[in-house]
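Report on the structure
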Amino acid sequence: MKPILFIIIPCYNEETVLPITSPLFLEKLNKLISEEKISSESRILFVNDGSKDNTWNIILELSETDVHYAGISQSRNRGHQNAVLAGLMEAKDHCDITISIDCDGQDDINAIDEMLNQFLAGYEVVYGIRSKRETDTFFKRYTAESFYKLLNWMGAEVVYNHADYRLVSSRVLQAFSDFREVNIFLRGLFPLVGFKSTNVYYERQERIAGESHYPLSKMLSLAFDGITSLSIKPIRLITGIGGIIAALSFAGVGYSIVSHLLGRTVTGWTSMIFFICFIGGIQLICLGVIGEYIGKIYLETKQRPRYIISERTKNLMFHKN
Ligand code: UDP
Ligand code: MG
């Protein structure tokens, strides 16, 4: 039996890119079908992430032109991670393998062949790794690479230079669906699911058209989410810093007592102000970090749905009945 492949493609305001890249995805799928590597039941599943432009209409039109195109639409914009998750969960009961890939042509679709070969060789998770990031600006490359190093240092296991271009078998997805957390950082979660995994290398291309939706602010928030979702090291660090500060404070207490006994109590104004400010500052930072985790706990306890699908293309409807 040939495996059924679902290619999961998140799209947010991509009306300029989709008409260019969608035929490329179809061409790749048809080639794999004709080479008998995958079943003709395979699909290209677009996930419209609450786009404000014409993206969903383009997806609907595509699904009318070829049965291999399918789509789901989220009821609003929830961000790239939730869009990929919605696609994976939609696909998992209808296919044997999923590959998630960006819709802007930055992830080289030719790596799909190698990913499939690795799947056929027995690997259930295949990470696409950027071999070079020359098309990214120096700033983006530097910040992104530092982020991977920081995450690993924090104790979160992430694959270096892997974003969300990845093959995952439906067996792994079934296991993954038991991870019920709301704050998701997919590239850090799949290593936790386990199963046999390997890497495939590809060159990151430039965006074919349109603009990136990941400005610095969103990148920072993804980085922060990644760290706080996967690691409690910041809290440990706070405990460590707290210990050091406490030791310093005790030394300060000793110093002030000695000064008092020596009758030099008027001096010390500078050090007092210094300690008040310094400790006050440290406490605020610590409270902030702890608050961040409490905020996460709050969001998790509400157990809100992680995505809401409002529409499906017709060729997906029958799956749901
Ligand atoms: N994307 C999404 N929801 C968002 C932002 C982005 O589904 O809120 C999709 C986008 O359409 C693209 C992928 O996620 O397919 C990566 O986004 P983008 O190319 O803007 O980011 P970059 O490659 O610059 O990091
Ligand atoms: Mg991109």
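Look a little higher up for the structure.
Report follows, based on the coordinates. Here the structure is a predicted model, which is why all the values come from computation and not from measurement.

1. Some points on the overall build of the protein chain
Helix and strand counts for the protein chain come out as 11 helices and 8 strands. Taken over the C-alpha trace, the protein chain has a radius of gyration of 25 Å; the compact-globule value for 321 residues is 20 Å, which it surpasses by more than 25%. With the principal axes as the frame, the protein chain shows a C-alpha extent of 90 × 40 × 35 Å. The contacts in the protein chain between residues at least 6 apart in sequence include a share of 83% that link residues at least 24 apart. Entry remark: accessible area of the protein chain is about 16,400 Å², with carbon and sulfur atoms responsible for 60%. Charge centroids of the protein chain, computed over 33 positive and 35 negative side chains, lie 8 Å from each other.

2. Here's the deal with the sheet that holds strand E1 (residues 5-11)
A sheet is described by the order of its strands in space; here 8 strands give the open sequence E7-E5-E6-E4-E1-E2-E3-E8, paired in mixed fashion. One side of each edge strand has no neighbouring strand; the edge strands of this open sheet are strand E7 (197-203) and strand E8 (309-312). Strand-to-strand twist of the sheet, defined as the mean angle between neighbouring strand axes without regard to direction, takes the value 25°. Note that strand E3 (residues 69-74) and E8 share 3 bridges and pair antiparallel. Its bridge partner being in E8, Gln74 is matched across the sheet by Ile309.

3. Quick look at helix H7 (residues 186-193)
Within H7, 7 of the 8 residues are buried, leaving the element largely enclosed by the surrounding structure. Of all the positions in H7, only Leu186, Arg187, Gly188, Leu189, Phe190, Pro191 and Val193 are classed as buried. In this structure, the buried residues of H7 make contact with helix H3 (80-91), strand E5 (125-132), helix H5 (138-153), strand E6 (162-169), helix H6 (170-176) and helix H8 (216-230). Immediately beyond the C-terminal end of H7, within one or two residues, lies Gly194, with a positive phi of roughly 90°.

4. Observations concerning the environment of Asp113
Assignment of secondary structure puts Asp113 in helix H4 (residues 111-120). According to the relative accessible area criterion, Asp113 is buried, its value standing at 13%. For the pair Asp113 and Lys196, spaced 83 residues apart in sequence, the C-alpha to C-alpha distance is 18 Å. Setting aside anything within four residues of it in sequence, one finds Asp113 in contact with Lys28, Lys31, Leu32, Glu35 and Lys37. Side chain to side chain, Asp113 and Lys28 meet in a polar contact 2.6 Å long.

5. Observations regarding the packing of helix H1 (residues 18-34) against H4
Orientation of H1 relative to H4, taken along the N-to-C sense of each, is 40°, at an axis distance of 11 Å. Considering their axes alone, H1 and H4 lie oblique with respect to each other. Judged by the twist between their axes, the crossing of H1 over H4 is right-handed. Every residue of H4 that contacts H1 at Lys28, Lys31 and Leu32 is listed here: Ile112, Asp113 and Leu116. Here the residues of the contact of H1 with H4 sort into 3 nonpolar, no polar and 3 charged.

What counts, and where the lines are drawn
Residues numbered from 1 in each chain as written. Chains lettered and ligands numbered in written order. Predicted model: local features only at pLDDT ≥ 70, side-chain atom pairs only at ≥ 80, totals over all residues. Heavy atoms only, no water. Helix = DSSP H or I, 4+ residues; strand = E, 2+ residues; numbered from the N terminus. Rg over C-alpha atoms; globule rule 2.2 N^0.38 Å. Contact = heavy atoms within 4.5 Å. Areas by Shrake-Rupley, 256 points an atom, 1.4 Å probe, with all protein chains shown as cover. Lys, Arg positive; Asp, Glu negative; His and termini not counted. Charge placed at Lys NZ, Arg CZ, Asp CG, Glu CD. Pairing = 2+ DSSP bridges. Axes fitted to C-alpha atoms, helices over the stretch in contact; angles between N-to-C directions. Buried < 20%, exposed > 50% of the residue type's maximum accessible area, 1.4 Å probe, protein only. Polar contact = N/O pair within 3.5 Å; in protein donor to acceptor, adjacent residues only side chain to side chain. Parallel < 35°, antiparallel > 145°, perpendicular 65-115°, else oblique. Left-handed = near helix turned anticlockwise from the far one by under 90°. Nonpolar A, V, L, I, M, F, W, Y, C, P; charged D, E, K, R; others polar.

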